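Here is what each chain is made of, one letter per residue.
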Amino acid sequence: MIGLPLLLLLFWVLPPVMAKRMQAGCVLTNPYQIQEDYYRSGDFIIGGNLFMNTIISSSISDFTKDPYQVPVYILFLSKNYQQFLAFMFAVTEVNEDLVLLPNITLGFHIYNSGQADLSVSLKSLSLLSTRGQNVPGYKCDRQDSLLSVIGGLNPQSSRLMASIFSIFKIPQLGVGFEFSQEDRTVYPSFFRINPKEIPQYVGLVQLLLHFQWNWVGLVAPENDIGEHFISSLMPMLKEKEICLAFAERLSADDPDIAMKKLLYIFKFLFNVEVIILYGDSDSVVYIQETVYALGKSKKASFWKVWILTSHWKLNVIVSQYILHFIKPFHGAFQFQDHTGDVSKFSHFLLSLDPLNPQGDVVLPLWWERVFDCKFHKPDEIPHKGKKQCTGKENLQNLPSYVFETRMAGESYNIYNAVYAVAHALHAMFGSRARPIMTRLGKRTSDVQSWQFPVYLRKVQFNNSAGDEVSFSENGLGSSYYDLLNWVLLPNLSFDSVKIGQINPGAPAGEDFTINSDAIIWATKEVPFARCGMKRCNEGERRRVPEGKQVCCYQCDPCPEGTISNQTDAAECDFCLEDQYPNKDKHQCIAKKLHFLAHQEMLGFTLVSFTLFLSVITLAVLVIFLKHRDTPIVKANNRDLSYILLVSLLFCFLCSFLFIGQPKKLTCLFRQSAFAILFSLAVSSVLAKTVMVVLAFISTKPGNSTRKLLGKPLTNSIVLACPLVQAVLCAIWLGTSPPFPNLDFHSLIGETILECNEGSASMFFIVLAYLGFLALISFTVAFLSRKLPDSFNEAKFITFSMLVFCSVWITFLPSYLSTKGKSMVVVEIISILASGAALLVCIFFPKCYIILLRPNLNCKKNIMRNKNL
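Residues numbered from 1 in each chain as written. Predicted model: local features only at pLDDT ≥ 70, side-chain atom pairs only at ≥ 80, totals over all residues. Heavy atoms only, no water.

- Taking an unreviewed UniProt entry as the reference, the protein is identified by name as Type-2 vomeronasal receptor belonging to Crotalus adamanteus.
- You can read under Subcellular location (unreviewed entry) in the UniProt record for the protein the words "Cell membrane".
- According to the UniProt record, the Sequence similarities (unreviewed entry) comment for the protein reads "Belongs to the G-protein coupled receptor 3 family." (UniProt positions renumbered as here; feature names shortened; annotations may be inferred.)

What follows is the structure, encoded as structure tokens:
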């Protein structure tokens, strides 16, 4: 057992005699001679695949030639050079930070790709290969370690790059593209560095709503990205009732057809004032050239409000064409990725020296393009008509559409992406950074790129601009957009002004902000981007004609009883019960309380009349009390006269329970008090009538009926009849008592404050009983009216009860046909009229004799019998 380990040890120490070391080498060199413009060595390399030009058309017709060698027409994007500079600036800042990555340096390897799939793919594969060769995934003699890649500055190129780098487990940080959660396994190492798209769509809808635009056009590329944009935006627009006049998709494969489509749309849809443009730098060229061609054909400027999404870039191929290609976009809105104030970056840009590019081979060439000059070598003869570059030209003098000295949104995303990689690397190593690094010429080999995404997902830091940057599984956590207004100034500089922002993390109502006063419009005023000829004013509602879109509505007045207090109201609303519409139907007005008040003329008149009758009744009572011993007062039972006068006095005074604002107590007792008091009055009249009959019967010889039945019978009548009414009222109040009630619907503009009788049947039973007593009194009085006694009161009682019954028979239909105070007035007048009838007919003749004909107030005259 000991010999076997010893044998294995000898094999390991002593190599085979015939073994020869073969030098490793990659046999496939770079077939396309891809130029490396930006490279800086470091312990870890961050790759870059950025764009400074785009292909606007090509002449590929078949597959007989190498597609990479086919000539194409390229648009130079001078503004995009800032992204390269932001990449290098961020790496330099990280390396100068002694706390973030101590003893670790970051390098970069950046390619300038055109926005062509072939270019993007080749340079992505080159990043995975040894420099100068194209063998992806094999180190060969590779001296650097590719940690991650930043690139893919539009959704299409990001998806293409992700499909390559995900194979090799290399983390990629680029512009987001749409994929489901199930597709995360296909792109496990992709991280989005731009804000989420959906908040931009929400902000776009809020912008339209802010200016009340509901009739807009839309242009998007004819690809998956454009389809996703339209499918995401359409439900939002539909929910807010915003209509599309057209939704055109442009194909990048055939620019001529795309331009013809746009030319046709713009030519025949001139009434569309607002057009939403979604796309990238390729699409904007078609729009710019189409607008230029349309303006040229019509000999007039094509003034529209353009709303550009964050991927758009306004470009000018040659500066002298600015008036043709940029002027129509004066006043345009653009949503742009949020950018912070990185002051050091501006200083870095202003310190660029094309005479000392420090390895940046593109800087002198770019400088010549943007300043339209030429660097001449000492032994070179200057070209005629070409000014010489001095290297001292000021970048601040360049128009913003050529180059900006402030950090743009895309550059800011790249800047944060580099720092995110650095912070993830810091978290990966922590305090172990120093022992891991060696000074013996060996590079760190412990870090594997497939381990890196775990740390990227947890990155969270505050950058130098003061903004919080955090990553999640999908990438950048924030969704912050700036809203810009593009302005063509008199000096022909085309600049953007920040006028608002979108911040979904802000409190509700503050997530979308805009400074309308800072906007400069191309049309000098806010456009009327609506389908209808006019907007529906307050007091009107919308009506969509059959076959029209919801935005193309007409205006109809609100129906009776409804209002609309906003412009373009879809429906008119009913007012609250205690309110009613004003004349213009745009406001609800509080209804007036409707009841019979003491202060109003009608109430004051009834109060005066009530007091007058009460005083008269009281005066009659005083007269009767003062002359109580006279024959005319003694006749027909003076006690009954006193009871009748007192009951009439209280009947008149109970009218006050009906005047004024109804309260709980007044509603509870007013009908009961009226019913019982009138029952007492009518029963007193009935007792008086019975006394007349008994008085006549007692005058016959030998008849003592009056003595036997007179006082007990009349007392029984006066007590029993009101007692029955009191029992009925008690049952009424105990089962369903009256209560104050508000009637909102009977009168327009007024709320009736009334007493609800509780049980209508009990109310009519009480009235029916009172009518029954009145009918008996009238019948008895009528039958005894021609009795021969000179003291016979039956004639006066008959007439008084005839008036009484007439009043209350008239009362019923009048009471039932009126509402509010009119109903109360009817009842008060009935009370006063019926009471006055009893007072006048029964007592005034006697008062006339007592006061004016005292000679007739004697026993002889009273006892005289006409039949004897």
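## A closer look at the overall build of the protein
And step 1. Across its full length, the protein holds 23 helices and 26 strands.
And step 2. Burial analysis of the protein (868 residues in total) assigns 50% to the buried set.
And step 3. Long-range pairs, those at least 24 residues apart, make up 70% of the contacts in the protein between residues at least 6 apart in sequence.
And step 4. Accessible area for the protein stands at about 43500 Å²; split by element, carbon and sulfur atoms hold 59% of it. (Helix = DSSP H or I, 4+ residues; strand = E, 2+ residues; numbered from the N terminus. Buried < 20%, exposed > 50% of the residue type's maximum accessible area, 1.4 Å probe, protein only. Contact = heavy atoms within 4.5 Å. Areas by Shrake-Rupley, 256 points an atom, 1.4 Å probe, with all protein chains shown as cover.)

## A few points about the pairing of strand β16 (residues 494-502)
And step 1. In the sheet, strand β15 (residues 481-488) pairs with β16 via eight bridges, with the strands oriented antiparallel. Residue pairing across strands places Asn485 opposite Val497, the latter belonging to β16. (Pairing = 2+ DSSP bridges.)

## Details of helix α17 (residues 638-653)
And step 1. With 16 residues, α17 extends 23 Å from end C-alpha to end C-alpha; this agrees with the ideal 22 Å at 1.5 Å per step.
And step 2. All of the buried residues along α17 are Leu640, Ser641, Tyr642, Leu644, Leu645, Ser647, Leu648, Leu649, Cys651 and Phe652. (Expected span 1.5 Å × (residues − 1).)

## A look at the nonpolar core
And step 1. Counting residues in hydrophobic clusters, the biggest one holds 106 residues, and the most contacted among them are Phe87, Ile287, Trp306, Trp366 and Leu425.
And step 2. Looking at this core element by element, the count peaks at 13 residues for helix α12 (residues 409-429).
And step 3. Not counting the four nearest positions on each side in its chain, Leu425 is found in contact with Phe44, Leu101, Ile104, Leu106, Leu147 and Phe452.
And step 4. Judged by nonpolar contacts, the second largest core, of 68 residues, contains Val633, Val766, Ile797 and Tyr815. (Core = buried A, V, L, I, M, F, W, Y, C linked by side-chain atoms within 4.5 Å.)

## Concerning the environment of Leu783
And step 1. Summarising the element assignment, Leu783 is placed in helix α20 (residues 760-783).
And step 2. Spatially, the C-alpha atoms of Leu783 and Thr689 are 9.9 Å apart, while their sequence positions differ by 94 residues.

## Describing the state of the cysteines
And step 1. Counted under the stated rule, the structure contains seven disulfides.
And step 2. The disulfide partner of Cys558 is Cys572, and the S-S distance across this bridge is 2.0 Å. Handedness of the Cys558-Cys572 disulfide follows from its S-S torsion of about -80°: it is left-handed. Remark: Cys572 occurs in the loop between β20 (562-563) and β21 (573-574) and Cys558 occurs in the loop between β19 (554-557) and β20; sequence separation between them is 14 residues. Pair check on accessibility: Cys558 and Cys572 agree, each one buried.
And step 3. Here Cys575 is linked by a disulfide to Cys588, with a sulfur-sulfur distance of 2.0 Å. Its S-S torsion of approximately -90° makes the covalent link between Cys575 and Cys588 left-handed. Within this pair, whereas Cys575 is found in the loop between β21 and β22 (579-581), its partner Cys588 is found in strand β23 (residues 588-590), the two being separated by 13 residues in sequence. (Disulfide = S-S within 2.5 Å.)

## Examining a nonpolar patch on the surface
And step 1. A grouping of Val646, Phe650 and Leu653 is seen on the molecular surface, where their side chains present a nonpolar patch of about 220 Å² in accessible area.
And step 2. With respect to the secondary-structure elements, Phe650 resides in helix α17. (Patch = residues over 30% accessible without salt bridge, like charges linked within 9 Å, V, L, I, M, F, W, Y side chains within 5 Å. Salt bridge = Lys/Arg side-chain N within 4 Å of Asp/Glu carboxyl O.)

## A few points about α20
And step 1. Here α20 is 24 residues long and its end C-alpha atoms lie 34 Å apart, about the 34 Å a rise of 1.5 Å per residue gives.
And step 2. Met762, Phe763, Val766, Leu767, Tyr769, Leu770, Leu773, Ala774, Ser777, Phe778 and Ala781 are the residues of α20 that are buried.

## Things to note about the sheet that holds strand β26 (residues 750-756)
And step 1. The strand order across the open sheet built from three strands is β24-β26-β25, with neighbouring strands paired in mixed fashion. Every interior strand has two partners, whereas the edge strands, β24 (592-594) and β25 (739-743), have only one. Ignoring strand direction, the axes of neighbouring strands in this sheet form an average angle of 30°. (Axes fitted to C-alpha atoms, helices over the stretch in contact; angles between N-to-C directions.)

## Remarks on the packing of aromatic side chains
And step 1. Here the structure, examined in full by the defined rule, presents 34 aromatic pairs.
And step 2. Measuring from ring centre to ring centre gives 6.0 Å for Phe44 and Phe429, while their planes differ by 40°; the resulting arrangement is tilted. Taken as a pair, Phe44 in strand β2 (residues 44-58) and Phe429 in helix α12 lie far apart in primary sequence, 385 residues in all. Comparing Phe44 with Phe429 shows no difference in burial state: the two are buried.
And step 3. Seen from their ring centres, Trp366 and Trp367 are 6.4 Å apart, and the 75° between their planes marks the pair as edge-to-face. Note on accessibility: Trp366 and Trp367 belong to one class, buried.
And step 4. Feature note: the residues Phe674, Phe678, Trp732, Phe763, Phe764, Phe804, Trp808, Phe811 and Tyr815 constitute an aromatic cluster, connected by ring pairs.
And step 5. The aromatic ring of Tyr553 is capped on one face by Arg542, whose charged end is 5.2 Å from the ring centroid. (Phe/Tyr/Trp six-rings, centres within 6.5 Å; stacked < 30°, edge-to-face > 60°. Lys NZ or Arg CZ within 6 Å of the ring centre and 35° of its normal.)

## A few points about unusual backbone geometry
And step 1. In the Ramachandran plot, Lys169 falls in the positive-phi region, its phi being about 60° despite a non-glycine side chain.
And step 2. Note on placement: Lys169 falls in the loop between α4 (155-165) and β6 (172-174).

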